[in-house]
Amino acid sequence: MIVRFCAAVFVSVLTINAAQAQVRAPSRLPDPRTEFVRQCAPRMLGRWEHPEEVCGCLHDHAAAAVEDRDLREALLRGISETGVPTIETDWVPASKQGEIGPTFTKIAKPTLQCMFDPAKQ
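Residues numbered from 1 in each chain as written. Predicted model: local features only at pLDDT ≥ 70, side-chain atom pairs only at ≥ 80, totals over all residues. Heavy atoms only, no water.

1. With respect to the side chain of Thr-86
Now for step 1: By the secondary structure assignment, Thr-86 is in the loop between helix H4 (69-82) and helix H5 (100-116).
Now for step 2: Overall, the relative accessible area of 18% leaves Thr-86 in the buried class.
Now for step 3: Apart from residues no more than four positions distant in its own chain, Thr-86 is found in contact with Ala-74, Leu-75, Gly-78, Trp-91 and Phe-104. (Helix = DSSP H or I, 4+ residues; strand = E, 2+ residues; numbered from the N terminus. Buried < 20%, exposed > 50% of the residue type's maximum accessible area, 1.4 Å probe, protein only. Contact = heavy atoms within 4.5 Å.)

Below is the structure:
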């Protein structure tokens, strides 16, 4: 009888812990935009009056203009690591390295808008 009771308690504890882990799991995953702004904003301090707005704008408008996933991720990485739009060639596959220049041409206008007047975006 005691063995059955202990087994039932043990199974209950495992079930409760598993349920709590499932409930907590989504909160551990950061929102990609929020994580980008968190990494980007310190690089913008001293350059811009509202670094979070600039970073959010760069994420939402300049980087969003880049359809290619590899180029977009490289651009976001460059911004968050350096505070300026940049793409290192080794961050993108060799087959897409020729698209880096056209990507910067594509994001020039939204980037300038974000940096100098992010509220109007």
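So that's the structure; there's more coming.
2. Remarks on the environment of Gln-97
Now for step 1: For Gln-97, the position within the fold is in the loop between H4 and H5.
Now for step 2: Distance from Gln-97 to Ile-87, taken between C-alpha atoms, is 9.4 Å for residues ten residues apart in sequence.
Now for step 3: If we ignore the near neighbours within four places in the chain, the residues touching Gln-97 are Thr-89, Asp-90 and Val-92.
Now for step 4: Polar contacts involving the side chain of Gln-97 include one to the main-chain carbonyl oxygen of Thr-89, which spans 2.8 Å. (Polar contact = N/O pair within 3.5 Å; in protein donor to acceptor, adjacent residues only side chain to side chain.)

3. Focus: the nonpolar core
Now for step 1: Counting residues in hydrophobic clusters, the biggest one holds 24 residues, and the most contacted among them are Phe-36, Met-44, Cys-55, Leu-58, Leu-75, Ile-79 and Ile-87.
Now for step 2: For this core, the secondary structure elements donating two or more residues are helix H2 (32-44), helix H3 (51-62), H4 and H5.
Now for step 3: Apart from residues no more than four positions distant in its own chain, Ile-79 is found in contact with Phe-36, Cys-40, Met-44, Leu-58, Val-84 and Pro-85. (Core = buried A, V, L, I, M, F, W, Y, C linked by side-chain atoms within 4.5 Å.)

4. Concerning the state of the cysteines
Now for step 1: For the coordinates displayed, the defined rule picks out two disulfides.
Now for step 2: The disulfide partner of Cys-40 is Cys-55, and the gap between their sulfur atoms is 2.0 Å. Because the sign of the S-S torsion sets the handedness, a value of about -80 degrees for the bond joining Cys-40 and Cys-55 places this disulfide among the left-handed ones. Of this pair, Cys-40 sits in helix H2 while Cys-55 sits in helix H3, and the two are 15 residues apart along the sequence.
Now for step 3: Put simply, Cys-57 and Cys-114 are joined by a disulfide, and their sulfur atoms are 2.1 Å apart. Between Cys-57 and Cys-114 the sulfur-sulfur dihedral comes to about -75 degrees; the bridge is accordingly left-handed. With Cys-57 in helix H3 and Cys-114 in helix H5, the pair connects residues that are 57 residues apart, well separated along the chain. Comparing Cys-57 with Cys-114, the two get one shared label, buried.
Now for step 4: Disulfides within the chain link the bonded cysteines, taken in sequence order, as 1-2, 3-4. (Disulfide = S-S within 2.5 Å.)

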